[in-house]
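As a plain string of letters, each chain reads:
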Amino acid sequence: MATELDCRGKRCPLPIIELSKKIKESELGQEVLLISDDPATAADLSAWARMTGNQVKVVSEDNFLITKNT
Amino acid sequence: MITAGKYEGQHPLHPKARQILLDAFDQGWADPAQISAQGRQAQGLLLQARESIATSLGLQVGEIEFWGEPELISPVAIWGAPGFGSAPFIYGATERSEIIGMRAKSKQSFEISVDPDGAIDLELLTQTLQPNSIVAIQSANIETGVIQDVKAIAKAVVAQNAHLHIDATASGARFVKPSFWSTLHFDARAWNGPSGVGVFALKNGARWSNPLPHTKPTRAPNSFSIPLALAAAGALEHWIADEATNSARLKSLIERIRNHVKQTISDVDIAGNAQSTLPNIISLSFLNVSSEQLVAALEVEGFSVASGSACVASALEPSHVLKAMGLLTHGNMRINLNHDVQDGEITKLLALLPGIISKLRED
C-alpha cells in the first residue's frame, strides 16, 4: 500500500524536496503516491529518478507513484 | 563580473562603443533619407557601419539590414519565408519562445526534439523535412550555451531545397555560418554592443518578402537608431580583435567551474558537454535546492546569476529548454561570463558554492 504525499498547492522545488525526505525515511521497495499540481513536477520527477535511481510511474496528470529502489 | 544569462544584454557596453555612441549622437542623428548635409552625413556613417558589420560577420553589405527591435527579427524572418502559414514549419525544441510561438500562425508545425546534450535530432529533422519546409534553428542556446551542428542541419535542409532561418543571437560573432542558409538573426548585445540593435541577414538569392504592412517595396522596417548602429559596429570590431584570447580564457574558466562542481557537489545536472557549448556559458541544476534561495545567497556574496527555474523566472512554467533536455528544472543557475571577469572571482565562487548548496539542502 502506497503512502500518500499530498503536495497540492506547493510550488517547485517543494514537492521534490518533500518526496526526497519521504523516500529517505522509507524502506526499500516501499511506494509513495505523490500528488502535485505544480507544472515543474512531472519534468523534475524524471530527472530525479535518473539521478537517484528510484522508479517513477505517472498515474495521472497530478499523481505519481514512486518506488524506492536505492 | 559574472552577469546574468537571462539576457545577453546584461553585459556592459564596450567602452569604445560607448564613445562612438556619444560622438554619433552629435553627428549622425539626422534621417539618412533626407537630402540635406546632415542627412548625407548620416547616410555616410550608416554605410560605414553596415560595411563594417557585414565584413565582421562574413556577410555581403547588401545582405544585411539593421533592425531597431531585435526580438522581432526571428518571428518576422520566419513569417516572411515563402509559404509560411501553409508550408510545414519546423523548429527545435530548445528555440527561443518567440520562435516556438510562431507555430500558432502555421497550419502545420513540427517540433524537433533534442538529445540529453541538447543537440537536435538530425534523423527526425531529415525525416520531417519536405521541399517547401521552413526550418528555424538556433546556432547556440542562450540558457545552456549548447551549440547546434548547423553545418549538418544546413546539409539536410539544402537536400530538400527548403528554407533555413538561423537564430545566431547567442553565438553572435562566434557563429560560423554554413554554406547554405536563407535568413540570419544577430543581436548586437552578443558582442557587447548596445541593446536595441539587431542585424537581419537575407542571403543573396534567397526568397523572402517583408510580411509587415508597407506600400513601397521595402525589405525591412528601417526603424533603428543610427548612433546605436554605429556603436554596434564599433563594438563588434573591438570584440573580434580580442576574441581569440578572450574565448580561450573564458573557456578554461568555464571548464574549471564544470570540473570543480562535478568533483565537489553531488546530484547536479550540467547542461550540454564541454565540446559543444559556448565558451562563456554554463547552466547548473542542483537537486533539492530552491533557485530563489540560491540566487539570493550568491547575490549576498556579490555574484549576479540568472536562473531558468519557474520560482525565479516569475512564470509558472519551468524552462522549456531544460525540460526538453530532460534536465532538472529546479535549483538552476546560469553563469554567463563577460570578457572582464577576473580569475579570482571564479576562485571565490567555487570556494563558496559547495557550502552554499550544502546549507540550502539542509534547510
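It should be emphasised that the depicted structure is a prediction, and the values quoted were computed from it without experimental measurement. (Residues numbered from 1 in each chain as written. Chains lettered and ligands numbered in written order. Predicted model: local features only at pLDDT ≥ 70, side-chain atom pairs only at ≥ 80, totals over all residues.)

Another aspect to go through is the overall build of chain B. Counting secondary structure elements, chain B contains 10 helices and 11 strands. What you see for chain B is a C-alpha radius of gyration of 21 Å, in line with the 21 Å of a compact globule of 363 residues. Taken along its principal axes, the extent of the C-alpha atoms in chain B is 70 × 50 × 35 Å. With 363 residues in all, chain B has 47% of them scored as buried. If you take every contact in chain B between residues at least 6 apart in sequence, the share linking residues at least 24 apart comes to 68%. (Helix = DSSP H or I, 4+ residues; strand = E, 2+ residues; numbered from the N terminus. Rg over C-alpha atoms; globule rule 2.2 N^0.38 Å. Buried ≥ 20, exposed ≤ 12 C-beta atoms within 10 Å, placed from the backbone. Contact = placed C-beta atoms within 7 Å.)

On to the overall build of chain A, then. A count of helical and extended segments in chain A gives 2 helices and 4 strands. When the elements of chain A are put in sequence order from the N terminus, they spell out β-α-β-α-β-β. Seen through its principal axes, chain A has C-alpha atoms that stretch 30 × 25 × 20 Å. The long-range share in chain A, meaning contacts at least 24 apart out of those at least 6 apart in sequence, stands at 57%.

Right, let's talk about the domain arrangement of chain B for a bit. All names here are of chain B. The domain architecture assigned to chain B consists of domain 1 (2-6 + 243-362) and domain 2 (14-238). A separation of 28 Å is found between the C-alpha centroids of domain 1 and domain 2. Each partner contributes to the interface: domain 1 provides 19 residues, whereas domain 2 provides 21 residues. Residue assignment for the side of domain 1 that touches domain 2 shows that the elements contributing at least two residues are strand S10 (281-286) and helix H9 (320-324). Residues of the side of domain 1 that touches domain 2, tallied by class, amount to 7 nonpolar, 10 polar and 2 charged. (Domains from an automatic or database assignment. Nonpolar A, V, L, I, M, F, W, Y, C, P; charged D, E, K, R; others polar.)

On to the sheet that holds strand S3 (residues 55-58) of chain A. All names here are of chain A. In space, the 4 strands of this open sheet follow the order S1-S2-S4-S3, with mixed pairing throughout. The outermost strands of the open sheet, each flanked by one partner alone, are strand S1 (3-6) and S3. Averaged over all pairs of adjacent strands, the angle between strand axes in this sheet comes to 25°, irrespective of strand direction. Here strand S2 (residues 31-35) pairs with strand S4 (residues 63-67) via 5 bridges, running antiparallel. Its bridge partner being in S4, Glu31 is matched across the sheet by Thr67. Each of S1, S2 and S4 touches helix H1 (residues 14-25); the most contacted strand, S2, lies at about 165° to it. Here helix H2 (residues 41-52) sits on the sheet in contact with S3 and S4, set at roughly 155° to S3. (Pairing = 2+ DSSP bridges. Axes fitted to C-alpha atoms, helices over the stretch in contact; angles between N-to-C directions.)

With 14 residues of chain A at the interface, the matching set in chain B holds 19 residues. No other element matches H2(A), which puts 6 residues into the side of chain A that touches chain B. When its residues are assigned to classes, the side of chain A that touches chain B shows 10 nonpolar, 2 polar and 2 charged.

Here we take up H1(A). Residues and elements named next belong to chain A. With 12 residues, H1 should reach 16 Å at 1.5 Å per residue; the first-to-last C-alpha distance of 17 Å fits that figure. Along H1, the residues that are buried comprise Pro15, Ile16, Ile17, Leu19 and Ile23. Each element contacted by the buried residues of H1 is listed here: S1, S2, H2 and S4. (Expected span 1.5 Å × (residues − 1).)

Residue and element names in this part refer to chain B. Most of strand S6 (residues 163-167) sits out of view: 5 of its 5 residues are buried. Here S6 shows no split at all, with His163, His165 and Asp167 on one side and Leu164 and Ile166 on the other all buried. In this sheet, S6 lies alongside strand S5 (residues 134-138) in parallel orientation, the contact comprising 5 bridges. By the bridge assignment, Val135 is partnered in S6 with Leu164.

With that settled, the discussion passes to the packing of helix H1 (residues 15-27) of chain B against helix H7 (residues 226-264) of chain B. Residue and element names in this part refer to chain B. Their axes nearest at 8 Å, the elements H1 and H7 cross at an angle of 155°. Taken together, the axes of H1 and H7 lie roughly antiparallel to each other. Crossing handedness for the pair H1 and H7: right-handed. Here Lys16, Ala17, Ile20, Leu21, Ala24 and Phe25 of H1 lie close against H7, whose contacting residues are Ile226, Pro227, Leu230, Ala231, Gly234, Ala235 and His238. Here the contact of H1 with H7 is built from residues that sort into 10 nonpolar, 2 polar and 1 charged. (Parallel < 35°, antiparallel > 145°, perpendicular 65-115°, else oblique. Left-handed = near helix turned anticlockwise from the far one by under 90°.)

This brings us to the confidence of the model for chain B. Residue and element names in this part refer to chain B. With 93% of its residues at a pLDDT of at least 70, chain B reaches an overall mean of 90. In this model, residues 4-9 is a region of pLDDT below 50 whose contacts with residues beyond four sequence positions or in other chains number 20 contacts. For this predicted complex, the interface confidence reaches an ipTM of 0.93, while the overall pTM sits at 0.92. (pLDDT = per-residue confidence, 0-100.)

Before going further, it helps to examine unusual backbone geometry. In this structure, Pro13(A) follows Cys12(A) across a cis peptide bond, with omega equal to 5°. Position of Pro13(A) among the secondary structure elements: in the loop between S1 and H1. Phi is positive for Asn161(B), close to 55°, though the residue is something other than glycine. Residue position: Asn161(B) is located in the loop between helix H6 (150-159) and S6. With phi around 60°, Asn288(B) is a residue other than glycine that occupies positive phi space.

Our next topic: the pairing of S1(A). Residues and elements named next belong to chain A. For S1 and S2, the ladder comprises 4 bridges, and the chain directions are parallel. Within S2, the position partnered with Thr3 by the bridge is Val32. Note that the unit made of S1, H1 and S2 has a crossover that is right-handed. (Right-handed = clockwise from strand over helix to strand, strands pointing away.)

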